[in-house]
Amino acid sequence: GQQVMQIPQYQHVQEGEDFTTYCNSSTTLSNIQWYKQRPGGHPVFLIQLVKSGEVKKQKRLTFQFGEAKKNSSLHITATQTTDVGTYFCAGRNYGQNFVFGPGTRLSVLP
Amino acid sequence: GAGVSQSPRYKVAKRGQDVALRCDPISGHVSLFWYQQALGQGPEFLTYFQNEAQLDKSGLPSDRFFAERPEGSVSTLKIQRTQQEDSAVYLCASSPSPGGWGAFFGQGTRLTVV
């Protein structure tokens, strides 16, 4: 079945440093979503990418969908303590349901 | 309400007990999903409803798990004869689109089976 992997599993950064998490799927995806989950909270939808090579920005967050639609990345510029949480990608394989990756847990040291 | 509401927030069940978890999606949302999230893991898909139709139940781990959404709004996830491995957070999500774009998650129900 479809598998979605994320690296790294954990990332500790100093406030102000950049952060990137990578998502890789074993199959070609029709679209991919990114979620953020704060400690003790529930996943909150960030964005959906659909097109090959698509790049979307939300303030300090940049999302990219690979040309082959099998990988994606989330980059945060100049991290802040409010960015702390676990970032999940969720990939969908044409008509099937979203498969979540295991997440990247981000810690930001002030 | 403004968001997806789940109840109870916490449930402790004795092994072998039946439990029912409720999800109130955002009004008018067509799609409703149930996920199971173990500690430190990503949500794992259980089942999907489009209105009242259960279109996909491939993620339900056993026949002890049953979900329904009889009127296309509120949904209930029932687990019969609970076992310790059922302990997890059960998340409900709803979306205005049939494809589940931009799903809104509830706070979840933390189930502990003792």
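What you are looking at is a predicted structure, and each value in this text was computed from that prediction instead of being measured.

Caption draft 1: Region of the structure containing the sheet that holds strand β8 (residues 75–79) of chain B. Residue and element names in this part refer to chain B. Across the sheet, 4 strands lie side by side as β1-β3-β8-β7; this open sheet has antiparallel pairing. For this open sheet the edge positions go to β1 (5–7) and β7 (65–68), each flanked by a neighbour on one side alone. Mean inter-strand twist for the sheet, computed between neighbouring axes without regard to direction, equals 15°. The sheet contact formed by β1 and strand β3 (residues 19–24) spans 3 bridges and is antiparallel. Among the inter-strand pairings, glutamine 6 is bridged to a residue of β3, identified as cysteine 23.

Caption draft 2: Just the state of the cysteines, in detail. Residues and elements named next belong to chain A. Tallied over the entire structure, the rule returns 2 disulfides over all chains. Here cysteine 23 pairs with cysteine 89 through a disulfide, and the sulfurs are 2.0 Å apart. Across the disulfide from cysteine 23 to cysteine 89, rotation about the S-S bond amounts to roughly 75°, and the bridge is consequently right-handed. Separated by 66 residues along the polypeptide, cysteine 23 in strand β3 (residues 19–25) and cysteine 89 in strand β9 (residues 85–92) bring together distant segments of the chain. The pair formed by cysteine 23 and cysteine 89 is uniform in burial state, with each residue classed as buried.

Caption draft 3: Molecular detail of the pairing of strand β6 (residues 53–56) of chain B. Residues and elements named next belong to chain B. Two elements, strand β5 (residues 44–50) and β6, share 3 bridges in a ladder whose sense is antiparallel. Each residue of the ladder has a partner; that of phenylalanine 49, found in β6, is glutamine 54. Connecting β5 to the antiparallel partner β6 that follows it, the hairpin turn spans 2 residues, and asparagine 51 within it adopts a positive phi of roughly 55°.

Caption draft 4: Fine view of the sheet that holds strand β6 (residues 55–58) of chain A. All names here are of chain A. Pairing within the open sheet is antiparallel, and its 5 strands lie in the order β1-β3-β8-β7-β6. Only two strands of the sheet have a single partner each, and these edge strands are β1 (4–7) and β6. The sheet shows a mean angle of 15° between the axes of neighbouring strands, direction not considered. Taken together, the 6 bridges between β3 and strand β8 (residues 71–76) define a ladder with antiparallel strand orientation. What sits directly across from cysteine 23, in β8, is serine 72.

Caption draft 5: View of the environment of proline 96 of chain B. Residues and elements named next belong to chain B. Counting through the fold element by element, proline 96 comes out in the loop between β9 (88–95) and β10 (104–105). Along the chain, proline 96 and proline 70 lie 26 residues apart, while their C-alpha atoms are 18 Å from each other. Sequence-distant contacts of proline 96, defined by excluding residues within four places in its chain, comprise His29, Val30 and Trp101.

Caption draft 6: Up close: the side chain of threonine 104 of chain A. Tracing the backbone shows threonine 104 of chain A in strand β11 (residues 104–109). For threonine 104 of chain A, the side chain forms a polar contact with the main-chain oxygen of proline 8 of chain A, separated by 2.5 Å.

Caption draft 7: The arrangement of the interface of chain B and chain A in detail. In this assembly, 19 residues from chain B lie in contact with 15 residues from chain A. At the boundary of chain B with chain A, total buried surface from both sides reaches about 1400 Å², with 52% on carbon and sulfur atoms. For chain B, the biggest contributors to the area lost against chain A are Pro43, Trp101 and Phe105 of chain B; these three give 33% of the whole. The tally of links between chain B and chain A comes to 0 salt bridges. On the surface where chain B and chain A come into contact, there are 4 residue pairs in polar contact (both at pLDDT 80 or more).

Procedures and definitions
- Residues numbered from 1 in each chain as written.
- Chains lettered and ligands numbered in written order.
- Predicted model: local features only at pLDDT ≥ 70, side-chain atom pairs only at ≥ 80, totals over all residues.
- Heavy atoms only, no water.
- Pairing = 2+ DSSP bridges.
- Helix = DSSP H or I, 4+ residues; strand = E, 2+ residues; numbered from the N terminus.
- Axes fitted to C-alpha atoms, helices over the stretch in contact; angles between N-to-C directions.
- Disulfide = S-S within 2.5 Å.
- Buried < 20%, exposed > 50% of the residue type's maximum accessible area, 1.4 Å probe, protein only.
- Contact = heavy atoms within 4.5 Å.
- Polar contact = N/O pair within 3.5 Å; in protein donor to acceptor, adjacent residues only side chain to side chain.
- Buried area = accessible area lost by both parts, 1.4 Å probe.
- Salt bridge = Lys/Arg side-chain N within 4 Å of Asp/Glu carboxyl O.

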